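Topology and contacts: notes
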Amino acid sequence: MTTGRRVFDERMPPFIQVLNTNRQEQKIMTPTTRNFSMAASFVVVIAGFSAYLWLLYSAGCAGDAKGGSYGDPVRALQLESYALVPFLFALFTGTALPFMFGTYGLAGRSVVAAIFFVFVGAAFIFLGIQIEFWGIDACFNL
């Protein structure tokens, strides 16, 4: 039996009949909500990585050149541990971002997400170490 845009079969249970819809109705996100979600995700990624780098610069200004020879190493390690939360949040949000694009298949989006996770994660780890050393250099006049 066909009712409107949905196709029902009397032999199916009612909860399966609700799930059995045409291809047009299976889109969960409209283009407007998808674009808003992508823009909000980009803002979260940029804000998370910015907070991560700012906290690492502050940790560099607090001290600890990975040996505890400058400033207050306890405060520096505390700021480094605080920097982990926005880093992970931004990294996982950025990894989920390719799944919002509808142009590639699931395998292509998974490859892009894995590449983002590995390469961008490693790049920001190394950039964070460099930023921390720049903070030590700027605040301790080396």
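Residues numbered from 1 in each chain as written. Predicted model: local features only at pLDDT ≥ 70, side-chain atom pairs only at ≥ 80, totals over all residues. Heavy atoms only, no water.

We now examine the overall build of the protein. Looking only at helices and strands, one finds four helices and two strands in the protein. If you list the helices and strands of the protein from N to C, you get β-β-α-α-α-α. For the protein, the proportion of its 142 residues judged to be buried stands at 27%. Of the contacts formed within the protein by residues at least 6 apart in sequence, a portion of 60% connects residues at least 24 apart. (Helix = DSSP H or I, 4+ residues; strand = E, 2+ residues; numbered from the N terminus. Buried < 20%, exposed > 50% of the residue type's maximum accessible area, 1.4 Å probe, protein only. Contact = heavy atoms within 4.5 Å.)

Mapped onto the fold, serine 50 is located in helix 2 (residues 31–62). Polar side-chain contacts of serine 50 include one of 2.7 Å to the backbone oxygen of isoleucine 46. (Polar contact = N/O pair within 3.5 Å; in protein donor to acceptor, adjacent residues only side chain to side chain.)

A contiguous nonpolar patch, built from Leu84, Leu88, Phe92, Val111, Ile115, Phe117, Val118 and Phe119 and spanning about 750 Å² of accessible area, is present on the exposed surface. At the level of elements, helix 3 (73–96) and helix 4 (106–140) are the ones that each hand at least two residues to the nonpolar patch. Broken down by element, the nonpolar patch gets its largest block of residues, five residues, from helix 4. Residue placement: phenylalanine 117 occurs in helix 4. (Patch = residues over 30% accessible without salt bridge, like charges linked within 9 Å, V, L, I, M, F, W, Y side chains within 5 Å. Areas by Shrake-Rupley, 256 points an atom, 1.4 Å probe, with all protein chains shown as cover. Salt bridge = Lys/Arg side-chain N within 4 Å of Asp/Glu carboxyl O.)

What follows covers the state of the cysteines. Using the criterion set out here, one finds one disulfide in the structure. Each disulfide pairs two cysteine sulfurs, and for cysteine 61 the partner residue is cysteine 139, the sulfurs being separated by 1.9 Å. Taking the sign of the torsion about the S-S bond as the criterion, the disulfide between cysteine 61 and cysteine 139, at about 45 degrees, is right-handed. In this pair, cysteine 61 is assigned in helix 2 and cysteine 139 in helix 4, connecting sequence segments 78 residues apart. Under the relative-accessibility criterion, cysteine 139 is labelled partly exposed at 35%. (Disulfide = S-S within 2.5 Å.)

For an α-helix, the turn length of 3.6 residues means that residues three or four places apart are oriented alike. For helix 3, spanning 24 residues, the distance from its first C-alpha to its last is 35 Å, which sits close to the expected 34 Å at 1.5 Å a residue. Along helix 3, the residues classified as buried are Ala76, Leu79, Glu80, Ala83, Pro86, Phe87, Ala90, Leu91, Thr93, Gly94 and Thr95. (Expected span 1.5 Å × (residues − 1).)

On to the nonpolar core, then. In terms of nonpolar packing, the biggest core is built from 17 residues, with Phe49, Tyr52, Leu53, Leu79, Ala83, Phe87 and Phe124 touching the most fellow members. Contributions of two or more residues to this core are made by helix 2, helix 3 and helix 4. Ranked by the residues each element gives to this core, the list is headed by helix 2, at eight residues. Excluding its chain neighbours within four sequence positions, the residues that come into contact with phenylalanine 87 are Gly48, Phe49, Tyr52, Gly121, Phe124 and Ile125. (Core = buried A, V, L, I, M, F, W, Y, C linked by side-chain atoms within 4.5 Å.)

By the element assignment, leucine 91 lies in helix 3. In this structure, the C-alpha to C-alpha distance between leucine 91 and phenylalanine 124, residues 33 residues apart in sequence, is 9.4 Å. Not counting residues up to four positions away in its chain, the partners in contact with leucine 91 are Phe49, Phe116, Phe117 and Gly121.

With that out of the way, let us pick up the environment of alanine 138. When you line up the elements, alanine 138 lands in helix 4. Judged by its relative accessible area of 44%, alanine 138 falls in the partly exposed class. Alanine 138 sits 78 residues away from glycine 60 along the chain, and the two C-alpha atoms are 8.7 Å apart.

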